[in-house]
Structure formats: C-alpha cells, structure tokens
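# Per-entry structural report
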Amino acid sequence: MNPRRQQAGALVVALSLGLSALSACRSPQRRDAEAPESPGPIPSGRTAPTPQPQAVPPVADAPVAPGAQGLLAGVDPTDPTAVAAVFARDSWTFDTAVVPSEAAAEARLTGLMTPFLAAEIAPSGQTLPATTFSLWQAHHATTTAQVVQTHDSGAPQDTATTAYRSFAVTVTPHAGNGWVGTAFLDIEFLTLSRPGPGGAWRVAQVS
C-alpha cells in the first residue's frame with residue numbers, strides 16, 4: 001500500500017469509523033497548518049514537526065499533462081493554487097457506485113500529477129474499501145467537497161519550479177434517498193512542480 005498515505009484523514013463520526021485504507025497510504029509526516037473551523041476535531045497525531053524540504057522529481061516538459069485538460073476546465077494550469085485546489089477537491093468528489101475505493105478516486109487524477117507520483121498512485125487503486133467507504137457504498141452515496149486554502153507555517157518558500165499549498169477539505173456523503181452522512185475534515189498538503197517558469201503545474205507530492 002502506498003506509504004505516502006500512512007497518516008491521513010480525520011474522520012468525524014459518532015461511531016468512530018476510520019478511513020483505514022486512506023490512512024495506510026498517507027505520508028508519515030505532516031506540516032502544521034492553520035485550518036478554518038471544521039466539523040470536528042483533528043486527532044492529535046495528525047500533525048508532526050516540520051520536515052525538511054524533499055527533492056521533487058522533475059516533470060516532463062509538456063504544457064499540460066495528458067488528460068489534464070478536462071480536469072482543469074476553466075482553470076489556469078500555470079496557477080499553482082488553482083491546480084492544487086482542483087486536485088484537493090476532486091480527490092474527495094466521487095460516486096461510490098463508480099469508484100471502488102478512496103485510492104481509486106485519487107487515481108482518476110493522474111493527469112494532474114507528475115509521472116513519478118502517477119506511477120506511485122496507480123498500484124494503490126487495488127486497496128480494499130475502508131469501513132466508512134463501505135458504509136457510503138451501502139447507501140449508494142456520492143460525495144461533495146468544500147475546499148478552503150490554509151496557511152502552512154512549515155512550508156518552504158515557493159521557487160520558479162516548486163510550489164507548496166495546503167487545504168482544508170470538508171467531505172460530505174449523501175444519497176438520492178435523502179440520506180446524509182457525517183462530514184469529516186481532511187487537511188491536504190500538496191507540493192507542485194513544473195519544468196520552468198510559465199509551465200503548467202502538476203502535483204508532485206501529497207501528504
């Protein structure tokens with residue numbers, strides 16, 4: 001299972017249901033971020049001391065990755081904040097009748113990733129659904145995601161080819177029969193890369 005998702009998502013549910021599959025695929029380190037008010041508390045293990053900046057694999061010298069045009073409809077691919085927001089939102093917006101797992105939902109977005117990250121994500125599409133995801137599937141639920149940019153005090157300074165963004169993503173499952181599940185909050189820390197000034201940004205790392 002993908003090691004970059006070893007500590008993810010804080011599920012805020014009365015029955016303490018966990019996103020076990022997602023948690024297994026998050027990065028073990030998080031940067032502190034100042035998030036807006038959330039549907040519930042984030043577990044104490046969610047943040048960690050600021051890690052040292054990691055080398056970001058270079059992206060291919062292409063204006064827009066194959067498949068990204070549709071994902072970025074109406075969005076400037078040279079704006080790192082806009083690209084990161086689309087990625088954060090669409091990672092958590094899906095129909096459980098079509099998408100078999102949280103990892104598979106993110107794997108749909110390989111057009112917004114660097115080739116290195118896309119190759120890393122692909123195998124995680126085979127993970128089993130988490131308990132919470134199974135509950136959503138039982139209700140034939142779809143999800144909506146509200147994305148708010150947060151201030152990541154531990155992020156390095158942007159450069160001409162690397163950018164750092166963080167977002168608070170509030171996810172709500174709902175079904176056509178009127179069922180609405182409990183919302184939960186996930187903090188997305190994204191590193192983006194591009195081949196040079198003026199190039200299209202792609203997501204290189206997620207934690």
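One structure accompanies this document, and this report is about it. (Residues numbered from 1 in each chain as written. Predicted model: local features only at pLDDT ≥ 70, side-chain atom pairs only at ≥ 80, totals over all residues. Heavy atoms only, no water.)

Attention now moves to the environment of Ala204. For Ala204, the position within the fold is in strand 5 (residues 202–206). Expressed as a C-alpha distance, the spacing of Ala204 and Phe116, which sit 88 residues apart in the sequence, is 7.4 Å. (Helix = DSSP H or I, 4+ residues; strand = E, 2+ residues; numbered from the N terminus.)

Ranked by internal contacts, the top residues of the largest apolar core, which has 32 residues, are Phe87, Leu190 and Leu192. The set of elements that each furnish at least two residues to this core consists of helix 3 (80–91), helix 4 (102–107), helix 5 (115–121), helix 6 (131–138), strand 3 (162–174), strand 4 (184–193) and strand 5. Tallying contributions element by element places helix 3 first for this core, with five residues. Setting aside chain neighbours within four positions, we find Leu192 in contact with Pro80, Val83, Ala84, Thr161, Thr162, Ala163, Arg165, Trp201, Arg202, Val203 and Ala204. (Core = buried A, V, L, I, M, F, W, Y, C linked by side-chain atoms within 4.5 Å. Buried < 20%, exposed > 50% of the residue type's maximum accessible area, 1.4 Å probe, protein only. Contact = heavy atoms within 4.5 Å.)

Under the definition given, this model contains two salt bridges. With a shortest N-O distance of 2.8 Å, Arg89 and Asp90 are connected by a salt bridge. Here Arg165 and Asp158 are joined by a salt bridge, their closest N and O atoms 2.8 Å apart. Judged by its relative accessible area of 13%, Arg165 falls in the buried class. (Salt bridge = Lys/Arg side-chain N within 4 Å of Asp/Glu carboxyl O.)

Our next topic: the packing of aromatic side chains. On inspection of all chains with the given rule, the structure shows five aromatic pairs. Here Trp92 and Phe184 contribute two aromatic rings whose centre-to-centre distance is 5.2 Å and whose plane-to-plane angle is 80 degrees, an arrangement assigned as edge-to-face. Of the two residues, Trp92 is situated in the loop between helix 3 and helix 4 and Phe184 in strand 4; the sequence distance between them amounts to 92 residues. Measuring from centroid to centroid gives 6.0 Å for Trp136 and Phe184, while their planes differ by 25 degrees, and the two rings are stacked. With a gap of 48 residues between them, Trp136 in helix 6 and Phe184 in strand 4 connect regions that are remote in the sequence. (Phe/Tyr/Trp six-rings, centres within 6.5 Å; stacked < 30°, edge-to-face > 60°.)

Attention now moves to the environment of Arg89. Looking at the secondary structure, you find Arg89 in helix 3. We classify Arg89 as partly exposed; its relative accessible area is 37%. The spatial distance from the C-alpha of Arg89 to the C-alpha of Val169 is 7.0 Å, given a sequence separation of 80 residues. What Arg89 contacts, discounting residues up to four positions off in sequence, is Ala145 and Val147.

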